[in-house]
Amino acid sequence: MTWNDQFLKLFRSCVEKYRGGNDDFHSHYEPDDISFLASIGYKPRELFDFVEDLVDGGEPSESTALLVAAVRRDYFLTVQNGKHSDVEISSDDIPARDATLDDVPYFPRILAKARAKLAGELHPNLMFGCGGDRGFLRKHGNINPADFLRHVWASGDDDTHMVEFLRSQSSQ
């Protein structure tokens, strides 16, 4: 089984458990599932956040969850050489929702979350791709969260590149 098939099988299993009333995400996983998630640079809560939002709000889709996981996996394997970071970014470490970049509210926050997501450093209480992120991305060109992550990866710490990217998407 390829990693993406395994991811989707696990995702769908978690969706069914959650729809069945089980909201204790820890009980959704077997030890092999935890090992699998670690092998792609993912934490159990990250997958569950997408499950919860899909079931409760209808988005993001399972394909979006898979695409985001693919970007994280690629970054984990190529940039981090399969090594997990010891850093954890909490809500105190990221800009406030009303912080601006290029006069665009929320932009610094989603950039910080995306960079932390790429590195596997988001605290379990933070989610890249949450409703606020999805609203921001929809407003600025209907950008897929995985595409945004890839552009953040390509830009490194260059906010100018991301400002130009957002402008180009917003004008379409």
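Criteria and thresholds
- Residues numbered from 1 in each chain as written.
- Predicted model: local features only at pLDDT ≥ 70, side-chain atom pairs only at ≥ 80, totals over all residues.
- Heavy atoms only, no water.
- Helix = DSSP H or I, 4+ residues; strand = E, 2+ residues; numbered from the N terminus.
- Rg over C-alpha atoms; globule rule 2.2 N^0.38 Å.
- Contact = heavy atoms within 4.5 Å.
- Lys, Arg positive; Asp, Glu negative; His and termini not counted.
- Charge placed at Lys NZ, Arg CZ, Asp CG, Glu CD.
- Core = buried A, V, L, I, M, F, W, Y, C linked by side-chain atoms within 4.5 Å.
- Buried < 20%, exposed > 50% of the residue type's maximum accessible area, 1.4 Å probe, protein only.
- Axes fitted to C-alpha atoms, helices over the stretch in contact; angles between N-to-C directions.
- Parallel < 35°, antiparallel > 145°, perpendicular 65-115°, else oblique.
- Nonpolar A, V, L, I, M, F, W, Y, C, P; charged D, E, K, R; others polar.
- Phe/Tyr/Trp six-rings, centres within 6.5 Å; stacked < 30°, edge-to-face > 60°.

Asks: Would you take a moment to explain the overall build of the protein chain for this structure?
Replies: Counting its regular elements, the protein chain contains eight helices and two strands. Along the protein chain, from the amino end to the carboxyl end, the secondary structure elements read α-α-α-α-β-β-α-α-α-α. For 172 residues, the compact-globule estimate of 2.2 N^0.38 gives 16 Å, and the C-alpha radius of gyration of the protein chain, at 16 Å, lies within 12% of that figure. Along the first, second and third principal axes, the C-alpha set of the protein chain runs to 45 × 35 × 30 Å. Partitioning the contacts of the protein chain with sequence separation of at least 6, the portion at a separation of at least 24 is 66%. If you average the places of the 19 positive and of the 29 negative side-chain charges in the protein chain, the two averages end up 3 Å apart.

Asks: I'm lost on the nonpolar core in this one. Help?
Replies: What tends to happen in soluble globular proteins is that the nonpolar side chains get buried as a cluster. If you look at the biggest cluster of nonpolar residues, it comprises 53 residues, and the most contacted ones within it are Phe 7, Phe 11, Tyr 42, Leu 47, Phe 107 and Phe 148. If you list the elements that add at least two residues to this core, you get helix 1 (3-19), helix 2 (31-39), helix 3 (44-57), helix 4 (62-78), helix 5 (107-119), helix 6 (131-139), helix 7 (145-155) and helix 8 (159-170). The element contributing the most residues to this core is helix 1, with eight residues. The contact partners of Tyr 42, leaving out residues within four places of it in the chain, are Phe 7, Leu 37, Leu 47, Phe 50, Ala 65, Val 68, Ala 69, Arg 72 and Lys 117.

Asks: Help me out: how do you make sense of the packing of helix 4 against helix 5 in this one?
Replies: How two helices sit against one another is set out by the angle between their axes and by the gap between those axes. One can describe the packing of helix 4 onto helix 5 by two numbers: an axis separation of 8 Å at closest approach and a directional angle of 60°. One finds that helix 4 runs oblique with respect to helix 5. Side by side, helix 4 and helix 5 meet where Val 68, Val 71, Arg 72 and Tyr 75 of the first sit next to Lys 117, Leu 118 and Ala 119 of the second. Across the contact of helix 4 with helix 5, the residue classes break down as five nonpolar, no polar and two charged.

Asks: What is the right way to look at unusual backbone geometry in this model?
Replies: Backbone phi values are negative for most residues with the exception of glycine, while trans is the configuration of most peptide bonds. Here the amide bond leading from Glu 59 into Pro 60 is cis, since omega sits at 0°, within 30 degrees of zero. Of note, Pro 60 is situated in the loop between helix 3 and helix 4. If you check the backbone angles, Asn 81 has positive phi at about 50° while not being a glycine. Structurally, Asn 81 is set in the loop between helix 4 and strand 1 (100-101). A relative accessible area of 55% means that Asn 81 is categorised as exposed. Located in the positive-phi region is Asp 103, a residue other than glycine, with phi close to 60°.

Asks: Any chance you could explain the packing of aromatic side chains here in plain terms?
Replies: Geometrically, a pair of aromatic rings is defined through the distance of the ring centres and the angle of the planes. A complete count under the given rule lists nine aromatic pairs for this structure. Summarising the aromatic geometry, the rings of Phe 7 and Phe 11 are spaced 6.2 Å apart at their centres and angled 20° between planes, so their arrangement reads as stacked. Within this pair, Phe 7 and its partner Phe 11 are both found in helix 1, separated by four residues, close to a single helical turn. Here Phe 7 matches Phe 11 in class, with each residue buried. Where Phe 128 meets Phe 148, the ring centres are 6.5 Å apart and the plane angle is 15°; that geometry is what we call stacked. Of the two residues, Phe 128 is situated in the loop between helix 5 and helix 6 and Phe 148 in helix 7; the sequence distance between them amounts to 20 residues. When its relative accessible area of 0% is taken as the criterion, Phe 148 is described as buried.

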